[in-house]
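Chain by chain, the residues:
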2 protein chains.
Amino acid sequence: MSKKVIIVGGVAGGASTAARLRRMDENAEIIMFERGEYISFANCGLPYYIGNIIEKREALLVQTAEGMSKKFNMDIRVLSEVIKIDPSQKKLTIKNLKTNEIYEESYDILVLSPGANPIKPPIPGINEAKNLFTLRNIPDTDAIKSFVDTKKPKSAIVIGGGFIGIEMAENLHHKGIHVTLVEAADQIMGPIDYEMASILHNHIKSKGIDLILGDGVKSFENQGKKLVLQSGKEIETDLIIFSIGVRPENQLAKDAGLKVGERGGIQVNEYLQTSDENIYAIGDAIEVVDFISGKPTMIPLAGPANKQGRIVADNICGKSEKYVGTIGTSVAKVFDMAVASTGNNEKLLKARGVKYEAIHIHPGSHAGYYPGAFPISMKMLFDPETGKIFGAQAVGYDGVEKRIDVIATAIAANLNAMDLKELELSYAPPFSSAKDPVNMFGFVASNIMNGLVSTVQWHEIDNIVKDGGILVDVREAEENELGFIKGSILIPLGELRSRLGELPKDKTIHIYCQVGIRGYNASRILIQNGYTAKNLDGGYKTYQCVFP
Amino acid sequence: MSKKVIIVGGVAGGASTAARLRRMDENAEIIMFERGEYISFANCGLPYYIGNIIEKREALLVQTAEGMSKKFNMDIRVLSEVIKIDPSQKKLTIKNLKTNEIYEESYDILVLSPGANPIKPPIPGINEAKNLFTLRNIPDTDAIKSFVDTKKPKSAIVIGGGFIGIEMAENLHHKGIHVTLVEAADQIMGPIDYEMASILHNHIKSKGIDLILGDGVKSFENQGKKLVLQSGKEIETDLIIFSIGVRPENQLAKDAGLKVGERGGIQVNEYLQTSDENIYAIGDAIEVVDFISGKPTMIPLAGPANKQGRIVADNICGKSEKYVGTIGTSVAKVFDMAVASTGNNEKLLKARGVKYEAIHIHPGSHAGYYPGAFPISMKMLFDPETGKIFGAQAVGYDGVEKRIDVIATAIAANLNAMDLKELELSYAPPFSSAKDPVNMFGFVASNIMNGLVSTVQWHEIDNIVKDGGILVDVREAEENELGFIKGSILIPLGELRSRLGELPKDKTIHIYCQVGIRGYNASRILIQNGYTAKNLDGGYKTYQCVFP
Ligand SMILES: Cc1cc2nc3c(=O)[nH]c(=O)nc-3n(C[C@H](O)[C@H](O)[C@H](O)COP(=O)(O)OP(=O)(O)OC[C@H]3O[C@@H](n4cnc5c(N)ncnc54)[C@H](O)[C@@H]3O)c2cc1C
Ligand SMILES: Cc1cc2nc3c(=O)[nH]c(=O)nc-3n(C[C@H](O)[C@H](O)[C@H](O)COP(=O)(O)OP(=O)(O)OC[C@H]3O[C@@H](n4cnc5c(N)ncnc54)[C@H](O)[C@@H]3O)c2cc1C
Ligand SMILES: CC(C)(COP(=O)(O)OP(=O)(O)OC[C@H]1O[C@@H](n2cnc3c(N)ncnc32)[C@H](O)[C@@H]1OP(=O)(O)O)[C@@H](O)C(=O)NCCC(=O)NCCS
Ligand SMILES: CC(C)(COP(=O)(O)OP(=O)(O)OC[C@H]1O[C@@H](n2cnc3c(N)ncnc32)[C@H](O)[C@@H]1OP(=O)(O)O)[C@@H](O)C(=O)NCCC(=O)NCCS
């Protein structure tokens, strides 16, 4: 007998489930409810449509309700909000938002993919602000675009420096609007660490964005025409985009008695079943297992939502596909740069008390002798004992997400940091180097693991010098002249062997160069000559990201 | 006691060995002999210097003998050819090519990284041709560049459509020279298969290159001013680049009694030791294990040479690092396109009698709704029983080698085709799609493995139709009008369910669409309605690459 499957939410997770389900089972009865007017739209493209980078609104609509119904022979009901689940009766209550009619529908299997909602805390004045928008769906987009196109705002404040905030800042700037970006934390782009985000801070400032870090919103005044910050600072503005994050859409699930995690995500087992075996849940609304730590987490991204939808469809059709957890691989365009990351960052590892080692490298996007190569600043976190890769981050102009994708693949396959040195990645001068940046991570990590070198971090070196530590700059004099770390002495690498006598054997010699390579070579010379040496990881370049 | 290590060959493999060795052992005595005038140069950049894409000759010289000697405290002797190895005495004979002096040098450990030489068979007239060049090193480059810049040739023939041939064709074309590319095989770029190479054939022809396939060189006449082909065709030319491949530089090793494989590569064990345990060999000169098949092969690429050098240095210093084989990941720029591949191709699998399945997909380089997305034509070969990935190929304008690198990583980690569907790759609209092309490979492969669909290949379909087979085009009428496969009938996917009655249940229904997706959806409908169906893999697009 054919089963009746109801899907709540018709976008990334929901539509993916529906499409796969039809292919798996031509006879299933499939009903998809969507509260909004549109299904299957490109959430991720919305900021770019506002910025006119994507020119046609239709381009955002991947499938229409009509087209998808026909192609997949399913019953798609838009403007239809599921307002209640009765798991014991396997019944839903639906409100038709056009007619206000309320009716019921029974199901054999229910799939929840209701997504998440922009967080909008009760900040004084927030509801009175007439120029304040959040961005999640097509109506939000239409509202912002129409405001921008008709009111022609000269200035805008984007509150929140996450993916959507950054994308909105860029797209509003692209429309000629002066943008102030306000972020309560000391950095934008939470998935990466401070020193890596600092590169982006410099970049977006160079583009003319006013960046305010470490200052939260206190209130909105004058119907949103004025923003008051915690610091007391006041900013006048024509437009506000409020994008401080999302909260899982879990009310329906909660009301139905489904288990929900600490941070509000609907809890599911490895088959993506909720605490009720006839109800599956996927996408932004669920709590997933952090692939790295095995701990519950929330990772609201489109790739996982799409893939979970496919898995659920298979499981509904009798398969036992497991969802093994989310690594959290992501990428964003930040003006001319790209930032990508995968796995856990240093902040998280520190907070969890995990023992880790961090390495920073600055390889070229491709061979330096071929035109158009740009350095990529890369960071990897790993377990110095086992080599387990905790995560990686990269910021640069080209080839950024390629390296992160390779590392994400390595993580998924349980390769360790040492294994990266052997990966055979494609090389020709326009694309990479004979030793790809990912291989370099492997080399550098294995040198640390094998005790060939030890490192000191960008945030430690100033204190070391202050406490009387020895710091040697092994770059050339010309490089030193352009900028150096206070308290360092200069001994170019080429002279080191002949000037060893100038250095004491009873103190740790700290070394730095531009990116860490010469410093590493110098460390090897010193260590093998009986010195204790530590190399500044990532060199002057990483240090300089934070202390320009 | 410090050991005396001698390295023969001072470029990719040799210089890498030397640098790592010094870092591992500050006290080792290291002598590096190089026959040429230059060490550590960027072989891979040579064609681009000839084409003026790389403007400065110095850019090709990664390290100079003087700089490297100083930095790494080693004895580097250029213009010094090792002419004999005496393994029993652990002694070398060297000829100083400047003074013609011949002398001996003893070693504790010897490393051979002599590279390979361009193949130059005794074709009639080849030695008399004054305008014929091969390209391997800096003097070759200087000779070609000076010929081009002073003789100002109007026309050139490049013989051989491999990496170097293609790069030279592009770079000579870039200099305004009319180029004819002659390849004896029916396709250029041996590492990929015919239908994939066909895309490149069309591309380079569209750039104005005369492409002659399936015709070999018979003779050179008039001092190289005329080329005569096997077909009898004659072509006048001002310049000839002869690039039909390389042969391992193995004479020294052979004369010393070291074991050499069938195709001439020096044989080594997994620690990269030759048949004499005190002699290591690496790079283009050695036979490696094909990571996919476990069989011996030759893969002359810079990445492996560099990495092998590092492994050998470690092993000389008491480690036991294994070289696990070469996958053969490569990439090349072909005018505006890129071609990349990893692992075994279909030709090889067929020749070896391996049971495989081939899939072709044409995903966008990034989300279609974000500007600048280009389709990538991709092919994967895998074992339909175990899912073992044999290899993958990709041709396109953007994001090509990224996907191949991810698959190369998956291969190295022994992930199978099914695992690709779960890889969590970075997604934002400018970079990829929520389901990355690599995930798509996973989906498509697992559908075949699970028996959800079966496919027919581009080279089979015409015969099927000729033999009376049924072929249905499930695209829209407007697409069909622009080109279709002869003998097909049109039933757009949206009408299929209502027109099932038009199709017989007792014959196999062959289906095609543009890239394979709608055909797959149609297959699912047919199969679940009791039909036997087969989908044209890669759709009209793959078919059309070969039959435009
Ligand atoms: C502006 C923006 C940019 C983004 N950029 C990226 C990016 O670059 N990369 C990336 O990986 N991710 C990005 N994302 C996140 C990505 O879009 C989400 O992770 C993904 O859409 C989640 O899928 P989902 O199915 O869980 O939720 P959604 O796609 O949001 O779908 C949920 C749907 O359920 C409907 N719904 C909710 N409750 C009910 C109910 N009770 N009854 C009926 N319908 C209901 C909602 O109306 C909504 O349409 C972006 C998101 C936004 C908003
Ligand atoms: C034009 C060109 C483009 C290329 N492009 C790419 C590319 O894009 N990607 C890629 O992966 N690979 C590419 N390669 C291949 C790559 O350069 C080689 O795989 C790599 O250099 C091999 O390293 P090797 O150390 O084995 O040999 P080599 O780098 O060639 O070094 C061998 C050296 O040994 C010296 N030698 C030989 N015999 C003796 C002796 N008896 N005494 C003293 N010295 C001796 C030779 O003079 C030579 O300099 C390219 C090669 C060429 C020529
Ligand atoms: C589009 C959407 C409805 C899913 O539909 P879909 O038919 O599953 O997806 P696609 O068109 O990408 O096709 C993928 C299918 O085609 C198959 N396929 C892809 N290329 C193929 C080829 N060349 N040959 C054969 N099959 C192929 C895949 O295997 C997959 O099928 P499967 O899941 O049964 O294995 C859903 O993902 C969606 O609504 N997306 C937009 C919303 C969204 O994701 N937003 C967030 C990101 S902006
Ligand atoms: C350049 C060459 C001499 C090798 O020298 P090298 O010092 O080993 O190579 P690099 O300058 O790339 O540095 C890599 C080393 O720096 C280390 N390193 C890289 N980035 C680092 C960083 N940020 N911090 C610390 N160490 C770093 C790596 O671990 C590696 O050292 P290891 O091998 O001891 O682990 C040799 O590869 C060569 O001659 N290349 C040109 C010829 C050639 O390859 N041709 C073919 C391709 S065109």
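Criteria and cut-off values
- Residues numbered from 1 in each chain as written.
- Chains lettered and ligands numbered in written order.
- Predicted model: local features only at pLDDT ≥ 70, side-chain atom pairs only at ≥ 80, totals over all residues.
- Heavy atoms only, no water.
- Near = heavy atom within 4 Å.
- Polar contact = N/O pair within 3.5 Å; in protein donor to acceptor, adjacent residues only side chain to side chain.
- Least-squares fit on C-alpha atoms with pLDDT ≥ 70 in both.
- Phe/Tyr/Trp six-rings, centres within 6.5 Å; stacked < 30°, edge-to-face > 60°.
- Buried < 20%, exposed > 50% of the residue type's maximum accessible area, 1.4 Å probe, protein only.
- Contact = heavy atoms within 4.5 Å.
- Salt bridge = Lys/Arg side-chain N within 4 Å of Asp/Glu carboxyl O.
- Helix = DSSP H or I, 4+ residues; strand = E, 2+ residues; numbered from the N terminus.
- Pairing = 2+ DSSP bridges.
- Axes fitted to C-alpha atoms, helices over the stretch in contact; angles between N-to-C directions.

*Asks:* Describe the site of ligand 4, and please don't skip the residues or the numbers.
*Replies:* Around ligand 4, the surrounding shell holds 32 residues, and the nearest of these are Tyr520 of chain A together with Arg20, Arg23, Ser40 and Arg310 of chain B. Each of chains A and B places residues near ligand 4. In the environment of ligand 4, an oxygen atom lies 3.0 Å from a nitrogen or oxygen atom belonging to the side chain of serine 16 of chain B. One of the side-chain N or O atoms of asparagine 306 of chain B is found 2.9 Å from an oxygen atom in ligand 4.

*Asks:* Tell me about the relation of the copies chain A and chain B, residues and numbers included.
*Replies:* With an RMSD of 0.0 Å, chain A superimposes on chain B once it is rotated by 180° and translated 0.0 Å along the axis. One copy is carried onto the other by what is essentially a two-fold rotation axis.

*Asks:* Run through the packing of aromatic side chains, naming residues and quoting values.
*Replies:* All names here are of chain A. For the coordinates displayed, the defined rule picks out 18 aromatic pairs over all chains. Note on tyrosine 543 and phenylalanine 547: the rings are 4.8 Å apart at their centroids and 50° apart in plane angle, and the pair reads as tilted. The buried category is assigned to tyrosine 543, whose relative accessible area is 7%. A relative accessible area of 33% means that phenylalanine 547 is categorised as partly exposed.

*Asks:* Describe the interface of chain A and chain B, and please don't skip the residues or the numbers.
*Replies:* Counting from both sides, the interface comprises 76 residues of chain A and, opposite them, 76 residues of chain B. Linking chain A with chain B are eight salt bridges, by the criterion used here. Linking lysine 421 of chain A and glutamate 321 of chain B is a salt bridge whose minimum nitrogen-to-oxygen distance equals 3.4 Å. At the level of secondary structure, the elements contributing two or more residues to the side of chain A that touches chain B comprise helix H1 (12-24), helix H3 (65-72), helix H8 (302-316), strand E21 (330-334), helix H10 (400-412), helix H11 (437-449), helix H14 (493-496) and helix H15 (517-528) of chain A. Sort the elements by how many residues they give to the side of chain A that touches chain B and H10 of chain A lands first, with eight residues.

*Asks:* Could you give an account of the sheet that holds strand E6 (residues 102-106) of chain A, naming the residues involved and the relevant values?
*Replies:* Residues and elements named next belong to chain A. The three strands lie next to each other as E4-E5-E6, forming an open sheet whose pairing is antiparallel. Since the sheet does not close on itself, it has two edges, and those belong to strand E4 (80-86) and E6, each with one partner. Adjacent strand axes in the sheet meet at a mean angle of 30°, parallel and antiparallel pairs treated alike. As defined by bridge partners, strand E5 (residues 91-96) adjoins E6 across five bridges and the pair is classed as antiparallel. Following the sheet pairing, isoleucine 94 is matched in E6 by tyrosine 103.

*Asks:* How would you explain the site of ligand 3 if you had to name every residue and give the values?
*Replies:* What surrounds ligand 3 is a group of 32 residues, the closest being Arg20, Arg23, Ser40 and Arg310 of chain A together with Tyr520 of chain B. In this structure, ligand 3 is bordered by residues of chains A and B. At a separation of 3.0 Å, an oxygen atom of ligand 3 approaches a polar side-chain atom of serine 16 of chain A. Between ligand 3 and arginine 23 of chain A there is a distance of 2.7 Å, counted from an oxygen atom to a side-chain nitrogen or oxygen.

*Asks:* Go over the environment of isoleucine 53 of chain B, please, and point to the residues and values.
*Replies:* Inspection of the secondary structure assignment puts isoleucine 53 of chain B in the loop between helix H2 (46-50) and helix H3 (65-72). On a C-alpha basis, the gap between isoleucine 53 of chain B and asparagine 171 of chain B in space is 8.0 Å, while along the polypeptide they are 118 residues apart. With residues near it in sequence (within four places) discarded, isoleucine 53 of chain B still touches Tyr370 and Pro371 of chain A together with Tyr48, Asn171 and His174 of chain B.

*Asks:* An account of the sheet that holds strand E25 (residues 389-396) of chain B is needed here, citing residue identities and associated values.
*Replies:* Residues and elements named next belong to chain B. As summarised here, the arrangement of the five strands in space is E21-E22-E25-E24-E23, forming an open sheet in which the pairing is antiparallel. With partners counted over all chains shown, the strands left at the sheet margins are strand E21 (330-334) and strand E23 (357-361), one partner each. For this sheet, the mean inter-axis angle between neighbouring strands, taken without regard to orientation, is 10°. Alignment of E23 against strand E24 (residues 376-382), held across five bridges, turns out to be antiparallel. Considered in E24, the bridge of histidine 360 is made with lysine 379.

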